[in-house]
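What the coordinates show
Given next are the chains, with one letter for each unit.
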Amino acid sequence: TTMAADNALAKLDALLSEVSSGVGGVAAQLAPAPVAISVANAGVRPASGTAKPVPSGKAKGAPPPPPEPAAPEDPVAAVEFARKLELALSVGEECQTVDDLRNLLAKKPNFTCYDGFEPSGRMHIAQGLFKAINVNKLTSVGGTFVFWVADWFALMNDKMGGDLFKIQTVGKYLIEVWKAAGMDMSRVKFLWCADEITFKAATYWPKMLDIARCFDLDRIKKCCMIMARAEGKLTGAQILYPLMQCTDIFFLRADVCQLGVDQRKVNMLARDYCGKVGIKLKPVILSHHMLYGLKAGQQKMSKSDADSAIFMEDSAADVERKLMQAHCPREPPVMTAEEAAAAAIAAAAAEADPMHLVKDALQNPCLDYVKHIIMSRPGATFSAGGRTFTDAADVRSAFVAGDLSEQQLKRALVEAVNEVLQPVRDHFEHDPAARELLAQVREFSKEPAPPSLRRLELLGAADKACIVCAPVITGHVTLSAVFSTARRLQAAPAGCLPVLWVRDWSAIALGCYDGQPKPISASIGVLLGALEALFPQLMARTRVLWQSEAILRDPSNYWISVIDVGRRFSLKELVALEPPPANDQAGYVVKVLMHVADMLALSPTHVVCDPAERALFEFADAYRAQHAAALPATRVETIAACTLQLREPSLSVAEAECEYSVLDSAANDAGAKMKKAFCALGDAERNGPLRVAQELIRLGGARPRPPALARDYQRARARVARAAGGGRQTLTHTPHTALLPRAR
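Since this is a predicted model, take the numbers as computed values, not measurements.

We now examine the overall build of the protein chain. Looking only at helices and strands, the protein chain has 31 helices and 15 strands in total. With 744 residues in all, the protein chain has 52% of them scored as buried. The contacts in the protein chain between residues at least 6 apart in sequence include a share of 77% that link residues at least 24 apart. With an accessible surface of roughly 33200 Å², the protein chain has 54% of that area assigned to carbon and sulfur atoms.

Structure below.
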């Protein structure tokens, strides 16, 4: 173990020598880093028993790495820079990447660090003291630390029974703990997720939807809990969780993500997103060590097992009881063949979801506490067995060699932990507000959460709305899309208000126009303009509602309703609503959850939709019946889209050339397309000009016309029948030139 530590320090010394080149032997006198570092470009994780990184080879065609910033010319400045880099690196078990961190410190001395935490109950010692130590290290080298109080994330994970008020109360308690634990608050900010997102919803949610459209479900599932993945128990909300956590990084403009190794995959998702959308400056990922649980085999502490960790408000007696009975091996366990096989399976799972990047065969939680809680502060010492240690590696060596007994180690650790916890106990005992917060948090775990429904309220039962969803457009706005939408609006029952629901934010999640809001809005504007030109009376009595504008009226309740839907349905249930490959994207899952929230907000009595979306609307109504029975039931009717395709697309014929677009030129495009249309005698089923003629006659029926034209549609049907029977009569004229200028 000592050799492994020496190897890691040698690597770090070599790294620092690059920064402080020309300074002589000054850099060699710097204090050694207390944590082994896995260098960013390592191709594989450190092998068991060593923290030495193994660099990977450069991929062919890979872009060259950015040039490293030059070291300060002033020797004193160079030493100070090296000190800051070393101190920042000591926070993490891994840094992605060291070059990026060096560049950040050189070019942006006042940088922003971020960590998010769920207010989910009592705070254990790693979240309290260990986090305070790491925050103080980063703020001392120029960082401003932003804590993202993730109350909405706790809601997604069903913490505190999904009660947002209780979750926020727990968040206030955790802030009080950090104050008492010695966190330097002069460069620390606490931002509440629910408040910040609500105030800046127009910025936050489109970014989340864009991240969703960039990744498939397999990539997002890797960021979720391994047990839920293995057992197929992932919920829709657990897919939302990493998408929102990734969004937080960009929303907060974080330069450094300082979270635990268990959150590494989500943070790396942010770096991957930068590569997909062309963001050059990627966030630095500093992943701190995860403390072992106090019981044998616990890879990390658990809030659900009170004896697996020391909690910040534990009494001195609690600390003594827990540590004196803690797992404390002097050497790795000797396993039977069966135990070795089980350990191999567990190791494979751990490799997929690593809690520790530096391998430790001993996994002694007492030594872990000594290293990361007691001796992590700069200049800290530890006294045990009549000796005073200045390096955690020396404590480990003395214990493994037998120079320090288990009782001596544990007794000294009990004394040291109680000493650092005493200011926290005093704060919650003597400060009335803090004492009241702690009492509330303790009571919350005893109270069941009452069921509640939160939703955006757009329309009421009195409106008797008939909802038609505007098509999600991915290219040209076709006449087929216009006519199909009009047909469904015309089918609204008498006495119902036709409502055209424009799903512009859902289109971002589905990747329409590469998720760009402006072309999405422009295409919908063309669709609406065509509808108003061709069907003025219909559109005069139709209410058009844009999804984005509606959500921004009350974003908090809307997205809480989305989260609630996600909590109640498994991922399997959601992806079953549509066949692959459409359902293998993360954006598809978000779109489904939003659809249910949309229907709760609109509360329609009728829906007219495409047959392909019937299952989705029935799914939303089933949710309403179970969780919002006071809202009116929805009757779902389907009308198939009309098809005005003039010919089949092929490798040599673009899809846009096979159908009329609203913006086609009357003088050029319209005539050219009709001349090339498929119009074989006797083939009425695939006769494009025939279908166009039928729809134009149907369109004429929507306008004030001479009574004779009311019979035109029946005549056209008769001509279709004669053509299908082998007759020679064909359609020779289609009045498209009169139609398209009005649409434009």
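Turning our attention to the nonpolar core. Among the nonpolar cores identified, the biggest contains 218 residues, and Tyr369, Phe382 and Trp559 are the most heavily contacted of them. Among the elements that take part in this core, helix H26 (residues 586–602) stands out by supplying 13 residues, more than any other. Those residues in contact with tyrosine 369, other than ones at most four positions away along the chain, are Ile125, Leu291, Tyr292, Leu294, Met301, Ala309, Ile310, Leu323, Ile374, Leu413 and Val417.

So, about the pattern of salt bridges. Under the criterion given, the structure shown has 23 salt bridges. A salt bridge links glutamate 176 to lysine 179; the shortest N-O distance between them is 3.6 Å. Pair noted here: glutamate 176 and lysine 179 are both in helix H6 (residues 164–180), with a separation of three residues, about one helical turn. Arginine 624 is paired through a salt bridge with aspartate 621; the nearest N and O atoms lie 2.7 Å apart. On the criterion of helical spacing, the pair formed by arginine 624 and aspartate 621 is a turn pair, its members being three residues apart in helix H27 (residues 614–627). Residue aspartate 621 is classed as buried on the basis of its relative accessible area, which comes to 16%. Connected via shared salt-bridge partners are Asp307, Asp318 and Arg321.

What follows is about the sheet that holds strand E15 (residues 635–638). Pairing in this open sheet of five strands is parallel, and the strands run E13-E12-E11-E14-E15 from one edge to the other. Either end of the sheet is taken by a strand with one partner, and the two such strands are strand E13 (543–546) and E15. Strand-to-strand, the axes of this sheet are offset by a mean angle of 25 degrees, without reference to chain direction. Along the sheet, helix H21 (residues 517–534) makes contact with strand E12 (497–502) and E13, crossing E13 at roughly 175 degrees.

Once that is clear, we can look at the sheet that holds strand E5 (residues 144–149). Pairing within the open sheet is mixed, and its six strands lie in the order E3-E8-E7-E4-E5-E6. Taken across any chain shown, the strands that pair with only one partner, and hence form the sheet edges, are strand E3 (94–96) and strand E6 (188–192). Between one strand axis and the next, the sheet turns by 20 degrees as a mean value, whatever way the strands run. Sheet topology places strand E4 (residues 112–117) next to E5; six bridges connect them, and they run parallel. Bridge pairing links aspartate 115 to phenylalanine 147 in E5. In the packing of helix H3 (residues 98–107) onto the sheet, contacts are made with E3, strand E7 (256–260) and strand E8 (284–288), and the angle to E8 comes to roughly 115 degrees. Running at roughly 145 degrees to E5, helix H4 (residues 125–140) makes contact with E4, E5, E6, E7 and E8 of the sheet.

Moving on, we get to the packing of aromatic side chains. For the structure on display, the rule yields 16 aromatic pairs. Judged by centre distance (3.8 Å) and plane angle (10 degrees), the ring pair of tryptophan 205 and tryptophan 559 falls under stacked. Taken together, the residues tryptophan 205 in helix H8 (residues 201–214) and tryptophan 559 in helix H24 (residues 555–568) connect sequence positions 354 residues apart. With centroids separated by 6.4 Å and ring planes inclined at 85 degrees, the aromatic side chains of phenylalanine 483 and phenylalanine 535 adopt a geometry described as edge-to-face. With phenylalanine 483 in helix H19 (residues 479–490) and phenylalanine 535 in the loop between H21 and helix H22 (536–540), the pair connects residues that are 52 residues apart, well separated along the chain. With respect to class, phenylalanine 483 is no different from phenylalanine 535; both count as buried. Sitting above the plane of the phenylalanine 250 ring, lysine 207 keeps its charged end 5.6 Å from the centroid. We note arginine 330 situated over the ring of phenylalanine 399; from NZ or CZ to the ring centre the distance is 4.3 Å.

This brings us to the packing of H26 against H27. The interhelical angle for the contact between H26 and H27, taken along N-to-C directions, is 60 degrees, at an axis separation of 9 Å. Classed by the angle they form, the pair H26 and H27 counts as oblique. Of the two possible hands of crossing, H26 and H27 adopt the one that is right-handed. Only Leu616, Phe617, Phe619, Ala620, Tyr623 and Arg624 of H27 make contact with H26, whose side of the interface consists of Lys591, Val592, His595, Val596, Met599 and Leu600. Classifying every residue of the contact of H26 with H27 by side-chain character gives nine nonpolar, one polar and two charged.

Another aspect to go through is the confidence of the model for the protein chain. The predicted model of the protein chain averages 79 in pLDDT, with 76% of residues at 70 or higher. Below a pLDDT of 50 lies the segment residues 14–62, which in the model reaches 89 contacts outside its immediate sequence neighbourhood of four places, other chains included.

Right, let's talk about the side chain of asparagine 418 for a bit. Within the secondary structure layout, asparagine 418 lies in helix H17 (residues 406–430). Of note is the side chain of asparagine 418, whose polar atom sits 2.5 Å from the side chain of arginine 425.

Along an α-helix, a turn takes 3.6 residues, which lines up residues three or four apart on a common side. Buried residues dominate helix H15 (residues 365–374), accounting for nine of its 10 residues. At its buried positions, H15 is contacted by H4, helix H13 (316–324), strand E9 (382–384), helix H16 (392–401) and H17. By the N-cap criterion, in which a side-chain oxygen at the helix start approaches the backbone nitrogen of a residue two or three places on, H15 is capped by asparagine 364, the distance to cysteine 366 being 2.9 Å.

With that settled, the discussion passes to the packing of H4 against H15. The N-to-C vectors of H4 and H15 enclose an angle of 40 degrees; their axes lie 9 Å apart at closest approach. Taken together, the axes of H4 and H15 lie oblique to each other. Packed against H4, whose contacting residues are Ile125, Leu129, Phe130 and Ile133, the element H15 presents Tyr369, His372 and Ile373 at the interface.

This part is about unusual backbone geometry. Each neighbour pair has its own omega, and for glutamine 96 with threonine 97 the value is -5 degrees, a cis peptide bond. Along the polypeptide, threonine 97 turns up in the loop between E3 and H3.

Sheet topology note: the strand E11 (residues 465–469)/strand E14 (residues 606–609) ladder contains two bridges and is parallel. Following the sheet pairing, isoleucine 467 is matched in E14 by valine 607. Between the parallel elements E14 and E15, the chain passes through H27 in a crossover that is right-handed.

Within the secondary structure layout, arginine 377 lies in the loop between H15 and E9. The partly exposed category is assigned to arginine 377, whose relative accessible area is 30%. Beyond its immediate chain neighbours, meaning those up to four positions away, arginine 377 contacts Leu129, Ile133 and Ala181.

Under the defined criterion, the tally for this structure stands at zero disulfides. Lacking any disulfide linkage, cysteine 274 is separated from the closest cysteine sulfur, that of cysteine 246, by 7.9 Å.

Analysis parameters
Residues numbered from 1 in each chain as written. Predicted model: local features only at pLDDT ≥ 70, side-chain atom pairs only at ≥ 80, totals over all residues. Heavy atoms only, no water. Helix = DSSP H or I, 4+ residues; strand = E, 2+ residues; numbered from the N terminus. Buried < 20%, exposed > 50% of the residue type's maximum accessible area, 1.4 Å probe, protein only. Contact = heavy atoms within 4.5 Å. Areas by Shrake-Rupley, 256 points an atom, 1.4 Å probe, with all protein chains shown as cover. Core = buried A, V, L, I, M, F, W, Y, C linked by side-chain atoms within 4.5 Å. Salt bridge = Lys/Arg side-chain N within 4 Å of Asp/Glu carboxyl O. Pairing = 2+ DSSP bridges. Axes fitted to C-alpha atoms, helices over the stretch in contact; angles between N-to-C directions. Phe/Tyr/Trp six-rings, centres within 6.5 Å; stacked < 30°, edge-to-face > 60°. Lys NZ or Arg CZ within 6 Å of the ring centre and 35° of its normal. Parallel < 35°, antiparallel > 145°, perpendicular 65-115°, else oblique. Left-handed = near helix turned anticlockwise from the far one by under 90°. Nonpolar A, V, L, I, M, F, W, Y, C, P; charged D, E, K, R; others polar. pLDDT = per-residue confidence, 0-100. Polar contact = N/O pair within 3.5 Å; in protein donor to acceptor, adjacent residues only side chain to side chain. Right-handed = clockwise from strand over helix to strand, strands pointing away. Disulfide = S-S within 2.5 Å.

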